[in-house]
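A closer look at the structure
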Amino acid sequence: MLHKSNIKLAALVGITLSVFSLLVHLFVANYSVGGFIQYKLQDDYPYSLGHKSRPRRLWGPVTSLQVLHPYAKPRSPYPSVPIQQNGFIYAKIFGGFEKIRSSICDLVAIARLLNATLILPEIQQSVRSKGISPRFKSFSYLYDEEQFISALSEDVVIVKSLPSDLKEARKRTKFPTISPKPSTSPNFYIRDVLPKFKKSKVIRIIISDGGCLQAILPSSMDEYQRLRCRVAFHALQFRSEIRALGSKMVERLRATGSPYLSYHAGLMRDVLAFHGCAELFQDVHTELIQYTRKQLINQEVIADDLVVDSFSRKRNGSCPLMPEEVGLILRAMGYPANTIIYMAGSETFGGQRILVPLRAMYMNLVDHTFLCSKKELSSLIGPEYPLPLNIPQPPPVKSEKQLIDEWKKAGPRPRPLPPPPARPFYQHEKEGWYGWVAETDREPDPSPMDLRNQAHRLIWDALDYYVSVEADAFFPGFNNDGSGWPDFSSLVMGHRVYQTTSGVTYRPNRQKLAELFSSGLDNLYHPPQNWTKLVRDHLNRSLGVEGFIAEAESSKPVSFLSHPFPECSCRTSKSSVIPDHAMSSSLKSQYRSDDECPEWMARGLAMAFSNAPTTKDEDVEEGELQEDDEAVRQAESDSGNRNDVSRSLEQDEEMDPDD
């Protein structure tokens, strides 16, 4: 009897727990349905968020660069400008977010050089044919048209469209068209383009490589460089909806009172294919990169072998830092595991799988889909026309006579059994690369949905750009990649350096870090103290004058906006920020001694610093740093002890005669 009652009691408890579990699952499902899944930043490991003040070592400012300030106002008249207005320039820009932004800045400089009226450029990624909302025109899909026109009114005349008579002539007559490269010199426009321009009154420019004017101009044309800065950092403002949502995202990231770090991986398929980094990935991702590399070889974009050693490319700095390596670097720098990291970039090739190691080290790894609801993101896109459903049709049914004829023509016996009937393909099997990579050697043309998603990525990149510029620290995974194209990370770094030169913007040397990773390959997750110190020393140097100089010599020849100094800056100190012995001869010619800030600006900055609320005593901050260093050293010594024990065990196993 007692045994039966125990069985009933156990059954009752089981049923109760099952009902409770079902209710919990229903509650969770109901709570997560809708446009906004409630997320919460993790604050229970290893410290509570906001527990500590901002350590200067991790969050800046960088003292050696505090005397540099943005100053892009005109300082002299434009040289070599035609007196009379010559006509209109209209342009079509191909490419992604970074190519668009860089190309617009070059276009304005060319319009000023030729004394032409600039028509608002047409961004091909966001034209109506790509299925964007009818609320927007091409340029206004990203940027504020009125702000762009008014901010540059004293430099260039900008209008929204051609006059009606020229519109008709554009349909009947083919105006002169040029397709310049990013390395095109100003002499080309004065010598070759200006005579045609004066004759036709309208000229069309097609830009596909991210620029149409060389990055470094003669010193006599510094005003054109400052014009580029005014375009990039003042005139090119995102439309109000993008700015408002970007501001909300920054507020949400800082809602806990803690600073945040922005990280852009730079893992894009075409760039990885250009450099031959396929072997760093696995499975089908390697095939996709090789497919793109083959296309680039056929198009003569690159002159190299299809199959290359990706690991040797990585050792010389031609391949990106992988997210796992970035996590180890940040741990070596001393960023705690609850640091908030914003993941920038609308495309991260490899997907979420490649971010798993970084997410395991930093649980507060977030992106725009984490911080924004679906409703907020869809409001940026606007109402769009529904696309026709792309439902795959089943193969046509064959008659019995057709099947018999095919069987007779199949070849000599013995014949294999006929294949089973083809199963229907579902919609998710036809979307993206997995719909074709296993079936054919040719990538299909983009579908209407693919074209629309490409336009959407411009908005996601704009949000990421805004959040990255406002971040307390920025770490690039693949800046200045050597492809000759402008890249997202370099543009963000240039904007951050212009806006707040002393902010924490890391400029890692990938070749140096590859050597460090190679030397410590056996103990990456429990590195010895000297390895950690080497990583810290390298990154700390990249923050200061040494990294500033290296960035000027490597990035500026490719993209002026990645390092707009010294043309767009001034200094408040009488002494030079960069010592002469630290500069190459080419850099000395760029950094002159006449770039001191005007007196009114120096007085304003001094007053702002004197009125700024002082933080806690520096001794407190230094004490916190010492505590951090002690904790790191203790952890390293513990890991070193563990490693010594494991090494001795491995040696014992190797010496075991039974093995």
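Calculation notes
- Residues numbered from 1 in each chain as written.
- Predicted model: local features only at pLDDT ≥ 70, side-chain atom pairs only at ≥ 80, totals over all residues.
- Heavy atoms only, no water.
- Phe/Tyr/Trp six-rings, centres within 6.5 Å; stacked < 30°, edge-to-face > 60°.
- Helix = DSSP H or I, 4+ residues; strand = E, 2+ residues; numbered from the N terminus.
- Buried < 20%, exposed > 50% of the residue type's maximum accessible area, 1.4 Å probe, protein only.
- Lys NZ or Arg CZ within 6 Å of the ring centre and 35° of its normal.
- Axes fitted to C-alpha atoms, helices over the stretch in contact; angles between N-to-C directions.
- Parallel < 35°, antiparallel > 145°, perpendicular 65-115°, else oblique.
- Contact = heavy atoms within 4.5 Å.
- Salt bridge = Lys/Arg side-chain N within 4 Å of Asp/Glu carboxyl O.
- Pairing = 2+ DSSP bridges.
- Right-handed = clockwise from strand over helix to strand, strands pointing away.
- pLDDT = per-residue confidence, 0-100.

A few points about the packing of aromatic side chains
One pass over the structure, following the stated rule, counts 18 aromatic pairs. Between Phe-281 and Phe-349, the aromatic rings sit 5.6 Å apart at their centres with planes inclined by 75°, giving edge-to-face as the arrangement. Of this pair, Phe-281 sits in the loop between helix H9 (269–275) and helix H10 (283–298) while Phe-349 sits in the loop between strand S9 (340–344) and helix H13 (356–361), and the two are 68 residues apart along the sequence. On the basis of relative accessibility, which here comes to 8%, the residue Phe-349 falls in the buried class. By way of ring pairs, the aromatic residues Phe-97, Phe-139, Tyr-143, Phe-148, Phe-238, Tyr-465 and Phe-488 are connected into one cluster. One cation-aromatic arrangement involves Arg-112 over Tyr-78; the distance from NZ or CZ to the ring centre is 5.2 Å.

Concerning the packing of helix H7 (residues 222–235) against helix H18 (residues 488–499)
For the pair H7 and H18, the least separation of the axes is 11 Å and the interaxial angle reads 90°. Considering their axes alone, H7 and H18 lie roughly perpendicular with respect to each other. Listed contacts from H18 to Ala-232, Phe-233 and His-234 of H7 are Gly-494, His-495 and Tyr-498.

So, the pattern of salt bridges
Scanning the model with the defined rule gives 20 salt bridges in all. Of the charged contacts, one joins Glu-145 and Lys-160 as a salt bridge, the two residues approaching to 3.6 Å between their closest N and O atoms. Remark: Lys-160 occurs in the loop between strand S5 (158–159) and helix H5 (164–172) and Glu-145 occurs in helix H4 (residues 145–151); sequence separation between them is 15 residues. Here Glu-325 and Lys-314 are joined by a salt bridge, their closest N and O atoms 3.0 Å apart.

A word on the pairing of strand S11 (residues 473–476)
A regular strand carries its side chains on alternate faces of the sheet. A two-sided burial pattern is seen for S11, the buried positions comprising Ala-473 and Phe-475 on one face and Phe-474 and Pro-476 on the other. As judged from the four bridges shared by strand S8 (residues 260–264) and S11, these two strands associate in the parallel manner. Bridge pairing in S11 places Tyr-263 opposite Phe-475. Pairing between S11 and strand S12 (residues 504–505): two bridges, direction parallel. Residue pairing across strands places Ala-473 opposite Val-504, the latter belonging to S12. On the question of chirality, the crossover connecting S11 to the parallel S12 by way of H18 is right-handed.

Re the environment of Lys-160
Judged by relative accessible area, Lys-160 falls into the partly exposed class, the value being 41%. When the C-alpha atoms of Lys-160 and Phe-139 are compared, they prove to be 9.5 Å apart, with 21 residues separating the residues in sequence. Once you skip the residues sitting within four places of it in the chain, Lys-160 turns out to touch Ile-119, Leu-120, Glu-145, Glu-146 and Ile-149.

Points about the confidence of the model for the chain
Mean pLDDT for the chain: 80, with 75% of residues reaching 70 or above. Taken together, the stretch residues 32–39 has pLDDT below 50 and engages in eight contacts with residues farther than four places along the chain or on a different chain. Below pLDDT 50 for its whole length, residues 44–52 participates in 21 contacts with residues either more than four positions away or in separate chains.

Details of the sheet that holds S12
Within a sheet, neighbouring strands are paired by backbone hydrogen bonds and run either parallel or antiparallel to one another. The strand order across the open sheet built from five strands is S10-S9-S8-S11-S12, with neighbouring strands paired in parallel fashion. The open sheet terminates on both sides in strands that have one partner only, identified here as strand S10 (365–366) and S12. Packing of helix H17 (residues 448–469) onto the sheet brings it into contact with S8, S9 and S11, and relative to S9 it is tilted by some 145°. Its contacts with the sheet place H18 against S8, S9, S11 and S12, and it is angled at close to 150° to S11.

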